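The chain contents come next:
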Amino acid sequence: MDFIPVNEPLLNGNEKKYLCECIDTGWISSEGPFVKEFEQKMSVSVDRKYGIAVSNGTAALEVAVQALGIGKGDEVIMPAFTIISCAMAVTKVGAVPVLVDSDLYTWNMNVDEIESKITLRTKAIMLVHLYGLPAEADGILALAEKYNLKVIEDAAEMHGQTYNGKPCGSFGDISTFSFYPNKHITTGEGGMLVTDDEELAERCRMLRNLCFRKDVRYVHDEISDNYRFTNLQAAVGLAQLERLEEFVKRKRAMGKYYTEHLKGIEGLLLPIEKTDYADNIYWVYGIVLDENIQTDNRRVQNLLAKEGIGSRTFFWCMHEQPVYRNSGVFSGQRYPNAEYLARKGFYIPSGLSLTEGQMEKVTAGVKKVVAELKNESR
Ligand SMILES: *Cc1c(COP(=O)(O)O)cnc(C)c1O
């Protein structure tokens, strides 16, 4: 049986040509010329002055947290429902993630709940955009201004998206991207920080590269990791970036197809097509089971696999992560909407290589599985 993978990237532009250039010229490390070119083009594409490419999106968040001087005992507000990278970047430096519940329909952090979480120790807010619709940046930026907090925008899933007409990746003190193969543009593994603050950019460059001292090499005043990004990755990234607009169109067409073919099925909450401030770009096409279906997303994933369809469950909440639970970090905390999404949400094949024939098979499979599940829920 032909299995439809949950994600397959599209690499049929100039990727091969630029990669061959790396091999032909011998420039394969982080010193190669494509790295700077990619940093420059990415930062310009989101109206930022500086771009700092790093090894992945998680590394970008880690560097952002460290560059802003967040450390032991500081608090950083973020969604309870997000990828572990957000919390990890904060706990790694001894700071504390302070969680906020989700909006059940946009799947982003509920901005109305943020102010009550601000304390004297709050240092920053992580503005994380999830699944295709931006979080409500204005509300978050206003709070940051009022309480003098830093803002880290995690735009890993938002290549080519805008919020009220302004590019995602242009909000707050510093923004981060990922180029993992399921993002709108990929470099295999990769990430980037973008900012308008020259000093902050310089600090990120230091942190990316073991904190080498500028005047004397191999002498270090502080320590950081090696988060460098290679010329080979940048070669792929440049070719991908050339096609970003087309990729966003493809993703929107995919979203439109799935919604047209799945709407009206009792038991499913489909992604919102648009809000006042943005049209969905469908990082992936997520679906949430409603109360008519009494099972969880893991079972749906298994049933879809039997139909030859790849899928993934949504993120697992930060306060329910065994690693944090065991150390008592979020002891006794509950976030009902985040918990619901983590148990009931899943996404179906959404890669840029997806064909209409595959989408047809996916929607038929989803319908079949939902019908089975509804029968047993009666
Ligand atoms: C993918 C992703 C990351 C992490 O990126 P990696 O490149 O996989 O490390 C961070 N934040 C969000 C919201 C993501 O979707």
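As a starting point, this report considers the structure included with it. (Residues numbered from 1 in each chain as written. Predicted model: local features only at pLDDT ≥ 70, side-chain atom pairs only at ≥ 80, totals over all residues. Heavy atoms only, no water.)

Moving on to the overall build of the protein chain. Tallying secondary structure elements over the protein chain gives twelve helices and 13 strands in all. By the compact-globule yardstick of 21 Å for 378 residues, the protein chain fits well, its C-alpha radius of gyration being 21 Å. Per-residue burial over the protein chain gives 54% buried out of 378 residues. Restricting to contacts in the protein chain with at least 6 residues of sequence separation, those with at least 24 account for 71%. Of the side-chain charges in the protein chain, 43 are positive and 52 negative, and the distance between the mean point of each set is 3 Å. (Helix = DSSP H or I, 4+ residues; strand = E, 2+ residues; numbered from the N terminus. Rg over C-alpha atoms; globule rule 2.2 N^0.38 Å. Buried < 20%, exposed > 50% of the residue type's maximum accessible area, 1.4 Å probe, protein only. Contact = heavy atoms within 4.5 Å. Lys, Arg positive; Asp, Glu negative; His and termini not counted. Charge placed at Lys NZ, Arg CZ, Asp CG, Glu CD.)

Here the focus is the environment of Ala 89. Checked against the element boundaries, Ala 89 lands in helix H4 (residues 84-91). Taking relative accessible area as the criterion, Ala 89 reaches 1% and is therefore assigned buried. The contact partners of Ala 89, leaving out residues within four places of it in the chain, are Leu 61, Glu 62 and Val 65.

This next bit is on the sheet that holds strand S8 (residues 174-178). In space, the seven strands of this open sheet follow the order S1-S9-S8-S5-S4-S2-S3, with mixed pairing throughout. Edge positions in the sheet fall to strand S1 (50-54) and strand S3 (96-100), since each has one partner strand and no second. Ignoring strand direction, the axes of neighbouring strands in this sheet form an average angle of 25 degrees. Relative to strand S5 (residues 150-154), strand S4 (residues 122-128) is paired through five bridges, and the arrangement is parallel. (Pairing = 2+ DSSP bridges. Axes fitted to C-alpha atoms, helices over the stretch in contact; angles between N-to-C directions.)

Next up on the list: the packing of helix H2 (residues 33-45) against helix H7 (residues 231-241). In contact at an axis separation of 8 Å, H2 and H7 are set at 35 degrees when each is read in the N-to-C sense. H7 is crossed by H2, and the crossing has left-handed handedness. From H2, Pro 33, Phe 34, Val 35, Glu 37, Phe 38, Lys 41, Met 42 and Ser 45 reach across to H7, where they touch Asn 231, Ala 234, Ala 235, Gly 237, Leu 238 and Leu 241. Across the contact of H2 with H7, the residue classes break down as nine nonpolar, three polar and two charged. (Left-handed = near helix turned anticlockwise from the far one by under 90°. Nonpolar A, V, L, I, M, F, W, Y, C, P; charged D, E, K, R; others polar.)

Let us now look at the site of the ligand. Around the ligand, the neighbouring residues are Asn 56, Gly 57, Thr 58, Ile 83, Ser 85, Asp 154, Ala 156, Glu 157, Ser 178, Lys 183 and Gly 190. Contacts to the ligand include Ser 178, whose side-chain N or O atom sits 2.7 Å from an oxygen atom. The protein chains hide 91% of the 380 Å² of surface that the ligand would expose on its own. Taken together, the residues that form the shell around the ligand break down as two nonpolar, six polar and three charged. (Near = heavy atom within 4 Å. Polar contact = N/O pair within 3.5 Å; in protein donor to acceptor, adjacent residues only side chain to side chain. Areas by Shrake-Rupley, 256 points an atom, 1.4 Å probe, with all protein chains shown as cover.)

As a further point, take the packing of aromatic side chains. Under the criterion given, the structure shown has 21 aromatic pairs. Ring plane angle 80 degrees and centroid distance 5.6 Å describe the contact between Tyr 324 and Phe 330, whose orientation is recorded as edge-to-face. One exposure class covers both Tyr 324 and Phe 330, and it is buried. The ring of Phe 212 carries the charged tip of Arg 217 above its face, separated from the ring centre by 4.3 Å. Note that Arg 217 overlies the ring of Tyr 218, its terminal NZ or CZ placed 5.4 Å from the centroid. (Phe/Tyr/Trp six-rings, centres within 6.5 Å; stacked < 30°, edge-to-face > 60°. Lys NZ or Arg CZ within 6 Å of the ring centre and 35° of its normal.)

Turning next to the sheet that holds strand S10 (residues 268-269). Pairing between the strands of a sheet comes from backbone hydrogen bonds, and it takes one of two forms, parallel or antiparallel. With antiparallel pairing, the four strands of this open sheet are ordered in space as S10-S11-S13-S12. Across the chains shown, the open sheet's two edge strands, defined by having one partner strand only, are S10 and strand S12 (312-313). In terms of strand pairing, S10 meets strand S11 (residues 285-289) through two bridges, oriented antiparallel. Paired with Leu 268 across the strands is Leu 289, a residue of S11. In this fold helix H11 (residues 336-344) packs onto S11 and strand S13 (345-348), with an angle of close to 105 degrees to the strand it touches most, S11.

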